[in-house]
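Overview (structure and organization)
Chain residues, written in single-letter form:
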Amino acid sequence: MSKSGPLLANQRSLHPSDFLVEEIEFFNHKGDSKINSDIVASVNIRESIYLPSLICEISIGDAVNFLQAFEIIGQEKIRIVFAQHPIYQEEANRIELEFIITEYPKYERYSESQNQQAFILRGISEFAHNSKYIKISRSYTSSSTIQIEKIVRNDLFYDNIAVNGEDATTHSGIINIQDPLSAIEYLRKSAYDEFGAPFFFYQTLSGQVQLSSVTYLTDKLRNPLYSSYSYLKGLALSLPTVNVFERTLLI
């Protein structure tokens, strides 16, 4: 889970998963856009190797009737520009992501003031949203990872994908009528590398879709540790002791 977190004075974050939001732009069903970051109370972006897409959740505190004035009725798109600057990194990473809103899980109007309202928008990446409106069906003869990459590029029209790890499978089959992400999950379950390790299909905070084997993810040379520390609370202590000479004198 990544979120807009606390930064140091030089704009560097204590936590690698924290980021600083620079701009949030809303697009409604008519295509109108509005940059309004002041009403956003929090931004949370969920990233997991068990999810094919990032999930964004934005909490809004609305005192200017933005909900009605901008005609938020569904089909909204949100563009988020943010920067990551961990303390171990010299330069900040500037990232831009777009999400299609799919849920409005919470709405509340304050009883003390009818002008104050709050609501939550939840969205996913555009390629994952479009997958439900696409059906594919065809035969194939190749490895699972090659077919997954083709589906992402040719059916979901998303080119930002990286395959990490060598797929040891080669088989023939038929993709029956289903949406692209369901076909990707079917093929992913059939893929394994030369060590018998499975693959995961997920999207990182950079926006890139990753198809990575467990061997690649746990390889210390390819994925080195950013930093390490020793947690010594409750372990580092000094006991009051008396050396042998002093103890002899006391006796």
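This text follows the structure it describes.
Residues numbered from 1 in each chain as written. Predicted model: local features only at pLDDT ≥ 70, side-chain atom pairs only at ≥ 80, totals over all residues. Heavy atoms only, no water.

**With respect to the pattern of salt bridges**
With the rule as written, the count across this model stands at 13 salt bridges. Here Arg138 and Asp155 are joined by a salt bridge, their closest N and O atoms 2.6 Å apart. Of this pair, Arg138 sits in strand 9 (residues 136-142) while Asp155 is found in helix 3 (residues 144-155), placing the two residues 17 residues apart along the sequence. Classification of Arg138 as partly exposed rests on a relative accessible area of 28%. (Salt bridge = Lys/Arg side-chain N within 4 Å of Asp/Glu carboxyl O. Helix = DSSP H or I, 4+ residues; strand = E, 2+ residues; numbered from the N terminus. Buried < 20%, exposed > 50% of the residue type's maximum accessible area, 1.4 Å probe, protein only.)

**Observations regarding a nonpolar patch on the surface**
Taken together, Ile49, Tyr50 and Leu217 make up a surface patch of nonpolar side chains, about 290 Å² in accessible area. Note on placement: Leu217 falls in helix 5 (residues 214-217). (Patch = residues over 30% accessible without salt bridge, like charges linked within 9 Å, V, L, I, M, F, W, Y side chains within 5 Å. Areas by Shrake-Rupley, 256 points an atom, 1.4 Å probe, with all protein chains shown as cover.)

**Re the environment of Phe195**
With respect to the secondary-structure elements, Phe195 resides in the loop between helix 4 (180-190) and strand 12 (199-203). In sequence terms Phe195 and Ala168 are 27 residues apart; their C-alpha atoms lie 8.7 Å from each other.

**With respect to unusual backbone geometry**
Even without a glycine there, the phi angle at Phe157 is positive, about 55°. By the element assignment, Phe157 lies in the loop between helix 3 and strand 10 (161-164).

**Quick word on the nonpolar core**
Ranked by internal contacts, the top residues of the largest apolar core, which has 24 residues, are Phe26, Val43 and Ile45. When contributions to this core are tallied by element, the ones reaching two or more residues are strand 2 (18-27), strand 4 (40-46), strand 5 (55-62), strand 6 (77-84), strand 7 (93-109) and strand 8 (117-125). In terms of residues, this core owes the most to one element, strand 7, which gives four residues. Counting residues in each nonpolar core, the second largest holds 19 residues, with Ile148, Ile161, Phe199 and Val209 among its members. (Core = buried A, V, L, I, M, F, W, Y, C linked by side-chain atoms within 4.5 Å.)

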